[in-house]
Structures are given as structure tokens and as C-alpha cells.
Amino acid sequence: MVKAPPAHLGFLAEVLRRYPVRVFFRGEVLPEGPLRGEKLFEEGDLALYWEGPPPSREVQEALRLLLQVFWS
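Calculation rules
Residues numbered from 1 in each chain as written. Predicted model: local features only at pLDDT ≥ 70, side-chain atom pairs only at ≥ 80, totals over all residues. Heavy atoms only, no water. Core = buried A, V, L, I, M, F, W, Y, C linked by side-chain atoms within 4.5 Å. Buried < 20%, exposed > 50% of the residue type's maximum accessible area, 1.4 Å probe, protein only. Helix = DSSP H or I, 4+ residues; strand = E, 2+ residues; numbered from the N terminus. Salt bridge = Lys/Arg side-chain N within 4 Å of Asp/Glu carboxyl O.

Visitor: Quick question: what am I supposed to make of the nonpolar core here?
Guide: A general feature of soluble globular proteins is that nonpolar side chains tend to end up buried together. In terms of nonpolar packing, the biggest core is built from 13 residues, with Leu12, Val23, Leu46, Leu48 and Leu67 touching the most fellow members. Of all the elements in the fold, those that place two or more residues in this core are α1 (10-18), β1 (21-25), β3 (38-43), β4 (46-50) and α2 (57-71).

Put into C-alpha cells, the structure is as follows:
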């Protein structure tokens, strides 16, 4: 099943602003640059990479849940 693009990309901008992450979305790295770090989440055309010291399990789970809601 092909998903429609998320309705509110401002959400991704806020995640990028608040956390040391890179998002791989439909072939693009947001913000631009090489992907590095640990992959925390992947769903369809969206993947989240954490850069820096590993986040707590609570932060990982919260980001995973937020991105799942965003993507569904």
C-alpha cells in the first residue's frame, strides 16, 4: 500500500529542531547532509536516525510513536 505524503511537514521541522536527528524522507535527508547515527525508526518512505549519544528508551519510544501517528 502506498501512503499519501504527510499532511503537515511542519511536524518534521519541529522534530529536527528539538532533537539531534536526521530524517530520511522520500529519498531526501532532512536537514541536508550525510546520514549517520543509529536508525531508531523506519516506516515506508520515512526513517529517523539519531545523532549523538544514545537517547533514553523513553525518548526513543516517544519519537517512534509520534512518527507513527504522523505517518498514518
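Visitor: Help me understand the pattern of salt bridges, please; the structure alone is not making it clear to me.
Guide: Proximity of charged atoms lets side chains of opposite charge pair with each other. Applying the stated criterion across every chain yields a total of seven salt bridges. Between arginine 64 and glutamate 61 there is a salt bridge whose closest N-O contact spans 2.4 Å. Remark: glutamate 61 and arginine 64 occur in helix α2; sequence separation between them is three residues, near one turn of the helix. Of the residues examined, arginine 64 reaches a relative accessible area of 27% and is grouped as partly exposed. Glutamate 61 sits in the partly exposed class, given a relative accessible area of 35%. One network of salt bridges, in which partners are shared, links Glu14, Arg17 and Arg18.

Visitor: What is the right way to read the environment of leucine 66 from this model?
Guide: Locating leucine 66 in the fold gives a position in helix α2. When the C-alpha atoms of leucine 66 and valine 15 are compared, they prove to be 9.5 Å apart, with 51 residues separating the residues in sequence.

Visitor: Quick question: what am I supposed to make of unusual backbone geometry here?
Guide: Leave glycine aside and you will find that most residues have negative phi; peptide bonds, for their part, are mostly trans. Cis geometry is adopted by the peptide bond preceding proline 31, which originates at leucine 30 and carries an omega value of -15°. Counting through the fold element by element, proline 31 comes out in the loop between β2 (28-30) and β3. Even without being a glycine, arginine 26 presents a positive backbone phi close to 50°. Checked against the element boundaries, arginine 26 lands in the loop between β1 and β2. On the accessibility criterion, arginine 26 (37% relative accessible area) is partly exposed.

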